[in-house]
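An overview of the molecular structure
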Amino acid sequence: MPHHVPTASGGWIGPDRPGPADLVAELWRYPLRAVRHRDLVRAWVSREWRARFLGTALGPLWPFVQPLALFCVYAFVFSELFGMRPAAEGVSGAVGAVWIFAGVLVWSSFAECVSRASCVFLEHRNLVQKSSFPADLLVLQPVLVSFATLFVGAAVFCCVAWFVAGTQPSMIHLVYLGVLLVLHLAWLFGLSLALACAQVVLRDTAGLVGVALTVWMFATPIFWVADPAALPAIEPWLGWIEANPMHSLVEAWRWTLLGQSAAPFARAEIGADLLCFAPWALGSLCVGLAAARVLRGSLSDEVAA
């Protein structure tokens, strides 16, 4: 006889695998569950935000300072030691620098979220083991905090970029901002949820994530331009580079933050980047929800093991 576990909503969770209809229903139910527990989610995010900057001198400016430090280190390595120059012909070095920094800002937010989210179920095992607790909502904490830090960093970035390089967002690219935010949220939440579930079953997932993020960062055009004219050796790899979901996401954010100043470095318009990224975002969300659905009945037992 298959073992079934009662849920707080009165339903039953069995060991069956979710089908397409189950995933569609889950896509509908999850936002409703998040809205129903919005006070709880808001309290988690607020507590995490305050704890992150408690006792610091810079406070909310840290989301900008940390990527800035990373940018300075890698800009020195790539530009001074390796002699790589991101600026296209006729474009100032300042514009090239802020183009790199925009990519670092987005990547730092993504990497921090994924790293923290992979351990969220184990870190809050006391809450996960409560039968009536909506454990899968825990993943929203690192996701929403990463969005908040990205917004703070982006606001400061726009001011600095305008002062240093004269770049600014353009209205035509800000029109896409709503679509970009929805796709970014779906991608980040789905990936984080899938990794959090994987860490419960396979405890070295977090270590593998750290290694994968390092490789992924160098495989994404953050500090270099995906242009064979600038880097002839990358031409055989262009198909793989353009299929990289983070390449499309970072490029879309660069268009949004820099406006037309991103054009000399871009391989496609922002609309094309979003079209390339959309299947990845939806696929990530489906994989994450499917993993949570499969694991939901045994999650409390797994985290206690």
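Everything here concerns the structure above.
Notes on the structure in this doc start here. (Residues numbered from 1 in each chain as written. Predicted model: local features only at pLDDT ≥ 70, side-chain atom pairs only at ≥ 80, totals over all residues. Heavy atoms only, no water.)

A separate point is the overall build of the protein. A tally of regular secondary structure across the protein gives 14 helices and two strands. A separation threshold of at least 6 residues defines the contact pool for the protein, and within that pool the share at least 24 residues apart is 78%. A total of about 15100 Å² of accessible surface is found on the protein, and carbon and sulfur atoms cover 68% of it. (Helix = DSSP H or I, 4+ residues; strand = E, 2+ residues; numbered from the N terminus. Contact = heavy atoms within 4.5 Å. Areas by Shrake-Rupley, 256 points an atom, 1.4 Å probe, with all protein chains shown as cover.)

Turning to helix α10 (residues 205–219), a few remarks are in order. Each full turn of the α-helix corresponds to 3.6 residues, which orients residues three or four apart in the same direction. The terminal C-alpha atoms of α10 lie 20 Å apart, and with 15 residues this matches the ideal 21 Å at 1.5 Å per residue to within 8%. Along α10, the residues classified as buried are Thr205, Val209, Leu213 and Met217. Looking straight down α10, one finds that the buried residues subtend no more than 105° of arc, so they occupy a single side. More than 90 degrees from the buried face of α10, the exposed residues found are Leu208, Val211 and Val215. (Expected span 1.5 Å × (residues − 1). Buried < 20%, exposed > 50% of the residue type's maximum accessible area, 1.4 Å probe, protein only. Arc of directions from axis to C-beta.)

The next thing to look at is the environment of Val139. Relative to the assigned elements, Val139 resides in the loop between α6 (125–128) and α7 (140–165). Residue Val139 is classed as buried on the basis of its relative accessible area, which comes to 0%. In the structure, Val139 is positioned 26 residues away from Cys113 in sequence and 9.5 Å away in space, judged by C-alpha atoms. With residues near it in sequence (within four places) discarded, Val139 still touches Val120, Phe121, Phe189, Ser192, Leu193 and Ala196.

Let's shift gears to helix α12 (residues 245–258). For α12, with 14 residues, the first-to-last C-alpha span of 20 Å sits near the 20 Å given by 1.5 Å per residue. Summarising burial for α12: 14 of the 14 residues are buried, a large majority. Taking the backbone nitrogen of Met246 as reference, a side-chain oxygen 3.0 Å away marks Asn244 as the first, capping residue of α12. Looking one or two places after α12, you find Gly259, whose phi comes out positive at around 65°. (Polar contact = N/O pair within 3.5 Å; in protein donor to acceptor, adjacent residues only side chain to side chain.)

Packing of helix α4 (residues 93–117) against α12 leaves a shortest axis separation of 9 Å and a crossing angle of 125°. Between α4 and α12, the angle falls in the class oblique. For the crossing formed where α4 meets α12, the hand is right-handed. Here Val98, Trp99, Ile100, Ala102, Gly103, Val106, Trp107 and Phe110 of α4 come into contact with α12, specifically with Met246, Val250, Glu251, Trp253, Arg254, Leu257 and Leu258. Class assignment of the residues belonging to the contact of α4 with α12 gives a composition of 12 nonpolar, one polar and two charged. (Axes fitted to C-alpha atoms, helices over the stretch in contact; angles between N-to-C directions. Parallel < 35°, antiparallel > 145°, perpendicular 65-115°, else oblique. Left-handed = near helix turned anticlockwise from the far one by under 90°. Nonpolar A, V, L, I, M, F, W, Y, C, P; charged D, E, K, R; others polar.)

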